[in-house]
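Close look at the chain arrangement
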Amino acid sequence: MRPTVTIIGVGNMGGAMAANLLARGWPVSVCDIDPVKVADLQEKGAVALTAPAQAAPDSIVFIVCVVDAAQTEEVLFGQQGLAGMLQPGHTVVLCPTISPQDVEGFASRLAALGVYTVDAPMSGGPARARDGSMSLMVACAEPVYQAQAALLQALSSKLFRISERPGDGARTKLVNNLLAGINLVGAAEVLALAGRLGLDLGRTLDVIEQSSGQSWIGSDRMRRALAADYEPRAHVTLLEKDTRLAVAAAGAAGFEGPLGARASQIFADARQAGLGGLDDAAIFKYLAER
């Protein structure tokens, strides 16, 4: 019998993960501040929770899929948080992109309760979360990894075993997302330049995609931008947060690169310009209209 998996936070990624598990026959409980998202998954067979603390006793694995450290704190240790019902031997899987120090802090507090932590930030977007092909960067003790291997393999066909130290998953995710942010700002900048030079943007992107300037995130986001499609899949605010955390981690390590801080500032500026709720393809819109 598969254990019930409780997912706290069923937005774009968490909801897709829940749908994936339900389709594979896993029993799933869900909780979110948005009742519409919960109701949608309830129709697919999930059990709806009114608060994290209301999770069923047979749920021994809890996936936290919220936005940031403040929300993670509330989900775990708030008035209606999981801590009130967690038992020794339970496992919490942390999927948000948060700082390594926050992951370490949460893991230490959970360990004091006898609860295991899997540091497992994710990458790939909702479509890949839905079909189980997203990436997970996993850091946890080896026995914990082995105990949850079936669940992790159901969630991700691209499991990266980073280390046994919670926090290293977060470090890996921040490095990856900083490069994603740098690449996205670069792609948006050169297409904005192409427009000023009077070039056809579609043809220019065709060339880039078959040449040395190609990047996955550049192609994906700039195709949306050229269609003026800024419906959010990944909000500007998310890469603004992630790149800011990455630059802070770099500073804590005594490292200062030439591009990361500048790319992070572009995301912060775009958010300040009112684009925070749009898809991060809107970095093109921000640069093109400057």
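For the structure, check the block above.
Scoring rules and cut-offs
- Residues numbered from 1 in each chain as written.
- Predicted model: local features only at pLDDT ≥ 70, side-chain atom pairs only at ≥ 80, totals over all residues.
- Heavy atoms only, no water.
- Helix = DSSP H or I, 4+ residues; strand = E, 2+ residues; numbered from the N terminus.
- Contact = heavy atoms within 4.5 Å.
- Salt bridge = Lys/Arg side-chain N within 4 Å of Asp/Glu carboxyl O.
- Buried < 20%, exposed > 50% of the residue type's maximum accessible area, 1.4 Å probe, protein only.
- Pairing = 2+ DSSP bridges.
- Phe/Tyr/Trp six-rings, centres within 6.5 Å; stacked < 30°, edge-to-face > 60°.
- Lys NZ or Arg CZ within 6 Å of the ring centre and 35° of its normal.
- Polar contact = N/O pair within 3.5 Å; in protein donor to acceptor, adjacent residues only side chain to side chain.
- 1 Å grid on protein atoms, 1.4 Å probe; cavity = no way out; pocket = protein on both sides within 12 Å on 5 of 7 lines; lining within 4 Å.
- Points joined across faces, edges and corners; volume = space filled by probe spheres on them.
- Nonpolar A, V, L, I, M, F, W, Y, C, P; charged D, E, K, R; others polar.
- Axes fitted to C-alpha atoms, helices over the stretch in contact; angles between N-to-C directions.
- Parallel < 35°, antiparallel > 145°, perpendicular 65-115°, else oblique.
- Left-handed = near helix turned anticlockwise from the far one by under 90°.

What about the side chain of lysine 241?
- Here lysine 241 shows up in helix H11 (residues 236–252).
- Not counting residues within four places of it along the chain, the set of residues in contact with lysine 241 comprises Val67, Asp68 and Thr97.

Considering the pattern of salt bridges
- On inspection of all chains with the given rule, the structure shows 17 salt bridges.
- Here glutamate 142 and arginine 161 are joined by a salt bridge, their closest N and O atoms 2.9 Å apart. Highlighted residues: glutamate 142 in helix H6 (residues 142–147) and arginine 161 in strand S9 (residues 158–163), separated in sequence by 19 residues.
- Of the residues examined, glutamate 142 reaches a relative accessible area of 30% and is grouped as partly exposed.
- For arginine 161, a relative accessible area of 29% translates into the label partly exposed.

Looking at helix H10 (residues 216–226)
- Turning to H10, its buried residues are Ile217, Gly218, Ser219, Arg221, Met222, Arg224 and Ala225.
- The first or second residue beyond H10 is alanine 228, which carries a positive phi of 55°.

With respect to the pairing of strand S8 (residues 135–139)
- When you tally the buried positions in S8, you get five out of five residues, the bulk of the element.
- Burial of S8 is two-sided: the residues Ser135, Met137 and Ala139 facing one way and the residues Leu136 and Val138 facing the other way are all buried.
- One ladder, built from two bridges, connects strand S7 (residues 122–123) with S8; its direction is antiparallel. What sits directly across from serine 123, in S8, is serine 135.
- Judged from the five bridges that link them, S8 and S9 form a sheet pairing that is parallel. Its bridge partner being in S9, serine 135 is matched across the sheet by lysine 158.

Notes on the packing of aromatic side chains
- Inspection of every chain in the model, using the stated rule, returns one aromatic pair.
- A ring pair is formed by phenylalanine 77 and phenylalanine 106, whose centres lie 6.5 Å apart and whose planes are at 20°; its orientation type is stacked. Highlighted residues: phenylalanine 77 in helix H3 (residues 69–77) and phenylalanine 106 in helix H4 (residues 100–111), separated in sequence by 29 residues.
- Relative accessible area serves as the criterion here: at 23%, phenylalanine 77 is assigned to the partly exposed category.
- The ring of phenylalanine 77 has arginine 109 sitting right over it, with the charged end atom 3.9 Å from the ring centre.
- For arginine 161, the ring lying beneath its charged end belongs to tyrosine 145, and the centroid distance is 4.5 Å.

Things to note about the side chain of aspartate 279
- Position of aspartate 279 among the secondary structure elements: in the loop between helix H12 (260–275) and helix H13 (282–288).
- Within the structure, aspartate 279 has its side chain in polar contact with the backbone nitrogen of alanine 234 (distance 3.4 Å).
- Aside from chain neighbours lying at most four places away, what touches aspartate 279 is Arg221, Arg224, Tyr230, Glu231, Pro232, Arg233, Ala234 and Val236.

Topic: unusual backbone geometry
- Notably, alanine 228 is not glycine yet its phi reads approximately 55°, a positive angle.
- For alanine 228, the location among the structural elements is in the loop between H10 and H11.

Observations regarding the layout of surface pockets
- Taken as a whole, the second largest pocket spans an internal volume of roughly 400 Å³.
- If you trace the second largest pocket, you find 21 residues lining it, with Leu178, Ala246, Ala249, Ala250 and Phe255 closest to the centre.
- Looking at the lining of the second largest pocket, the elements that each hand over two or more residues are H4, helix H8 (168–196), H11 and H12.
- In terms of residue count, H8 provides more of the lining of the second largest pocket than any other element does, six residues in total.
- Here the lining of the second largest pocket is built from residues that sort into 16 nonpolar, three polar and two charged.

So, the packing of H8 against helix H9 (residues 201–209)
- Contact geometry of H8 with H9 gives a least axis separation of 10 Å together with a crossing angle of 135°. Taken together, the axes of H8 and H9 are oblique relative to one another. Where H8 crosses over H9, the two elements pack in a sense that is right-handed. Note on element contacts: H9 touches H8 through Leu201, Thr204, Leu205 and Ile208, opposite Val190, Leu191, Ala194 and Gly195.
- Considered class by class, the residues forming the contact of H8 with H9 number six nonpolar, two polar and no charged.

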